Amino acid sequence: MAVELPTIAASDYLNSAVLMEDFLTGEQRQRCRLITDAAPARCAELLRQGDVAAALIPAIEYQRIPGLLAVPGVAIGSKHMVRSVVMAAKKPLPEIRTVALDTSSRTSVSLIRILFAEFYRREVAFHPAPPDVPHMLSEADAAVIIGDPALTFDRTGLHIFDLAGEWRRLTGLPFVFAIWAVRESAREAVTGLDFVAARDAGLCARPALAARYAPRLGLPVETLVTYLEENIHYGLEADDLAGLTHYWTLAARHRLIDEVRPVRWLPVTPGCG
Ligand SMILES: C=C(O[C@@H]1C=C(C(=O)O)C=C[C@H]1O)C(=O)O
């Protein structure tokens, strides 16, 4: 009987490409099927519905979807400025009344609600919108946008709030945007996948990935290499987990999730890759 390969999903953002490259073209390319073009919010839906065994999901969704195991050691986060998750505003902060929220996002759109409620102490109206900053700003004072579209829109004349930068300034902690999560029922199916080894192969491929994405994004290769090397953090260490736990705690306080469940980790066998 042919062995069914597990399907895994991630977005096609440049930052995700680092975690996917080994599964796409590297040593692990024959170990799984890939969905590489689903927006992060969609990745969470695919995992929730059981359409995929594992997905790179918005970090908040780990608390919303039952029966998931988190993959240790790997994440998409930022220690300071992330550059690709921003609120772009036509007005200074005290004058913002309406905010359009990128429908691709789950973590960052919850983060901005937390920032306003917990730290800025302002009540504003939020509404969902596709990731198109000029259109979002035609209907709102500010727009939260993530991923590649956040790297490429025209920032001229806008107030830019880097959400990882704001989080760092206000909490002193790193921020975790996305993690790999596996359906518990698919645990056996993914034993052949080594997400940490894939991450490490992807880190080495950063210059090549930047060169591949540069024409599409219309940005210099060096700018994208700097983004991948200095803005995005691919580890999930103690301080990242402290940031993640604090974010979940505030998300529960502001009723964005029901409660903070302890993380259940995917057991990782050394050398399974
Ligand atoms: C840093 C980023 O983090 C992203 C932000 C997400 C969210 O807000 O839900 C989900 C996945 C991440 O890829 C980015 O894509 O720019």
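Residues numbered from 1 in each chain as written. Predicted model: local features only at pLDDT ≥ 70, side-chain atom pairs only at ≥ 80, totals over all residues. Heavy atoms only, no water.

With an unreviewed UniProt entry as reference, the protein is termed Chorismate dehydratase, source organism Chloracidobacterium thermophilum. Per UniProt, the protein has the following entry under Catalytic activity (unreviewed entry): "chorismate = 3-[(1-carboxyvinyl)-oxy]benzoate + H2O". The annotation that UniProt attaches to the protein under Pathway (unreviewed entry) is "Quinol/quinone metabolism; menaquinone biosynthesis." (UniProt positions renumbered as here; feature names shortened; annotations may be inferred.)

**So, the packing of helix α8 (residues 195-204) against helix α9 (residues 206-217)**
The contact between α8 and α9 brings their axes to 4 Å, and the two run at 65°. Classed by the angle they form, the pair α8 and α9 counts as roughly perpendicular. The segment α8 lies against α9, with Gly-202, Leu-203 and Cys-204 engaging Arg-206, Pro-207 and Leu-209. Across the contact of α8 with α9, the residue classes tally to four nonpolar, one polar and one charged. (Axes fitted to C-alpha atoms, helices over the stretch in contact; angles between N-to-C directions. Helix = DSSP H or I, 4+ residues; strand = E, 2+ residues; numbered from the N terminus. Parallel < 35°, antiparallel > 145°, perpendicular 65-115°, else oblique. Contact = heavy atoms within 4.5 Å. Nonpolar A, V, L, I, M, F, W, Y, C, P; charged D, E, K, R; others polar.)

**A short note on the nonpolar core**
Ranked by internal contacts, the top residues of the largest apolar core, which has 92 residues, are Met-87 and Trp-180. By residue number, the principal contributor to this core is strand β10 (residues 175-183), which donates eight residues. Setting aside chain neighbours within four positions, we find Met-87 in contact with Leu-93, Ile-96, Val-99, Ile-112, Phe-116, Ala-142, Ala-143, Val-144, His-159, Ile-160, Phe-161 and Leu-163. Residues Ala-129, Val-133, Ala-143 and Ala-150 belong to the second largest nonpolar core, which totals twelve residues. (Core = buried A, V, L, I, M, F, W, Y, C linked by side-chain atoms within 4.5 Å. Buried < 20%, exposed > 50% of the residue type's maximum accessible area, 1.4 Å probe, protein only.)

**Brief notes about helix α4 (residues 107-120)**
For α4, with 14 residues, the first-to-last C-alpha span of 18 Å sits near the 20 Å given by 1.5 Å per residue. Among the 14 residues of α4, eleven are classified as buried, and the element is accordingly described as predominantly covered. For α4, every residue scored as buried is listed here: Thr-107, Ser-108, Val-109, Ser-110, Leu-111, Ile-112, Ile-114, Leu-115, Phe-116, Glu-118 and Tyr-120. Of the residues one or two after α4, Arg-121 is the one with positive phi, at around 55°. (Expected span 1.5 Å × (residues − 1).)

**Side note on the sheet that holds strand β2 (residues 33-35)**
Strand order across the open sheet formed by six strands is β2-β1-β3-β10-β4-β11, with mixed pairing between neighbours. A strand with exactly one partner marks an edge of an open sheet, and here the two such strands are β2 and β11 (233-236). Averaged over all pairs of adjacent strands, the angle between their axes in this sheet comes to 25°, without regard to strand direction. Examined bridge by bridge, strand β4 (residues 68-78) and β10 share seven bridges and lie antiparallel to one another. Residue pairing across strands places Ala-70 opposite Ala-181, the latter belonging to β10. (Pairing = 2+ DSSP bridges.)

**Digging into the sheet that holds strand β9 (residues 159-162)**
Paired through their backbone hydrogen bonds, the strands of a sheet run either parallel or antiparallel. If you trace the five strands from one edge of the open sheet to the other, you get β7-β6-β8-β5-β9, paired in mixed fashion. Single-partner strands in this sheet number two, and they are β7 (125-129) and β9. Direction aside, the axes of adjacent strands within the sheet are offset by 25° on average. Note: strand β5 (residues 85-89) against β9, four bridges, orientation antiparallel. By the bridge assignment for β9, Ala-89 is matched with His-159.

**Some thoughts on the domain arrangement of the protein**
Structurally, the protein comprises domain 1 (7-77 + 175-253) and domain 2 (85-171). In this complex, domain 1 contributes 25 residues to the contact, which on the side of domain 2 involves 21 residues. Seen at the junction of domain 1 and domain 2, the total is two salt bridges. Across the pair Arg-253 and Glu-118 runs a salt bridge whose closest N-O atoms are separated by 2.7 Å. Here domain 1 and domain 2 share seven residue pairs in polar contact (both at pLDDT 80 or more) between them. Within the residue set of the side of domain 1 that touches domain 2, elements represented by two or more residues are α2 (40-48), α3 (61-64), β10, α9, α10 (221-231) and α11 (238-253). When residues in the side of domain 1 that touches domain 2 are grouped by element, the largest group, six residues, is from α11. (Domains from an automatic or database assignment. Salt bridge = Lys/Arg side-chain N within 4 Å of Asp/Glu carboxyl O. Polar contact = N/O pair within 3.5 Å; in protein donor to acceptor, adjacent residues only side chain to side chain.)

**Comments concerning the pattern of salt bridges**
Applying the stated criterion across every chain, the model contains twelve salt bridges. With a closest N to O distance of 2.7 Å, Glu-21 and Arg-212 form a salt bridge. On the criterion of sequence distance, the pair formed by Glu-21 in helix α1 (residues 14-24) and Arg-212 in helix α9 is long-range, its members being 191 residues apart. On the basis of relative accessible area, Arg-212 is assigned to the partly exposed category, the value being 41%. Between Arg-48 and Glu-45 there is a salt bridge; the shortest N-O distance is 3.6 Å. Placement of both Arg-48 and Glu-45 in helix α2 is noted, with a separation of three residues, approximately one turn of the helix.

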